Amino acid sequence: MSSKPAVLIVEDNKINALVLKKTIESICEPDHVICDEAVFRAVSERDYKIILMDINLGGNSLDGEAIMKILKEDDRYRHIPIFAVTSYAMPGDEERFLSAGFDRYYSKPIARQKIKGDLGLVLSTQVESNR
Ligand code: MN
């Protein structure tokens, strides 16, 4: 069993998911799902320390913002930081997503060292606060 913290990647694009996974896998144990139902199943089965959430997930899934809001309204999951990772990168988009309830915002294409560094900091802070 790995001692690394679990992080959930929600992303419907295989290439984006792979890039994100490769970016963070040295500091955490990433799982990847592509749609709303898989998110709700995953969080019920594993204690994720962070969720990285794409917004557009295809026509058969709720979008990432709707999924985030459902998780934030649920006492079991509201403590999990949820970071938007999205190609919505027009002026005002960051503020809009943060106002909606996301804990952080990253635009695509992702700045890999930035996101890895930020995740490392958040994960290490969580470990300290659990001691
Ligand atoms: Mn997408």
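Here, the structure is the one placed above.
Residues numbered from 1 in each chain as written. Predicted model: local features only at pLDDT ≥ 70, side-chain atom pairs only at ≥ 80, totals over all residues. Heavy atoms only, no water.

Student: Explain the coordination of the manganese ion here, please?
Tutor: The textbook angles at a metal center are 109.5 degrees for a tetrahedron of four donors and 90 or 180 degrees for an octahedron of six. Those protein atoms acting as donors to the manganese ion are D12 (OD), D54 (OD) and N56 (O), and they sit at 2.0 to 2.2 Å. Between the donor residues of the manganese ion, the gaps in sequence give the motif D-x41-D-x1-N. Of this pair, D12 sits in the loop between β1 (6-10) and α1 (14-24) while D54 sits in the loop between β3 (48-53) and α3 (64-72), and the two are 42 residues apart along the sequence. Since its relative accessible area comes to 35%, D12 is described here as partly exposed. (Donors = N, O, S within 2.8 Å, 3.2 Å for Na, K, Ca; no water. Helix = DSSP H or I, 4+ residues; strand = E, 2+ residues; numbered from the N terminus. Buried < 20%, exposed > 50% of the residue type's maximum accessible area, 1.4 Å probe, protein only.)

Student: What's the story with the packing of α3 against helix α4 (residues 93-100) in this structure? I'm lost.
Tutor: As a packed pair, α3 and α4 sit with axes 10 Å apart at the nearest point and diverge in direction by 30 degrees. On the basis of their axis angle, the class for α3 and α4 is roughly parallel. Within the contact between the two elements, α3 uses E65, M68 and K69 and α4 uses R96, F97 and A100. A class-by-class count of the residues in the contact of α3 with α4 yields 3 nonpolar, no polar and 3 charged. (Axes fitted to C-alpha atoms, helices over the stretch in contact; angles between N-to-C directions. Parallel < 35°, antiparallel > 145°, perpendicular 65-115°, else oblique. Contact = heavy atoms within 4.5 Å. Nonpolar A, V, L, I, M, F, W, Y, C, P; charged D, E, K, R; others polar.)

Student: So what exactly am I meant to see when it comes to the environment of I34 here?
Tutor: Tracing the sequence through the fold places I34 in the loop between β2 (29-33) and α2 (36-45). On a C-alpha basis, the gap between I34 and D12 in space is 4.5 Å, while along the polypeptide they are 22 residues apart. Contact partners of I34, with chain neighbours within four places excluded, come to E11, D12 and L57.

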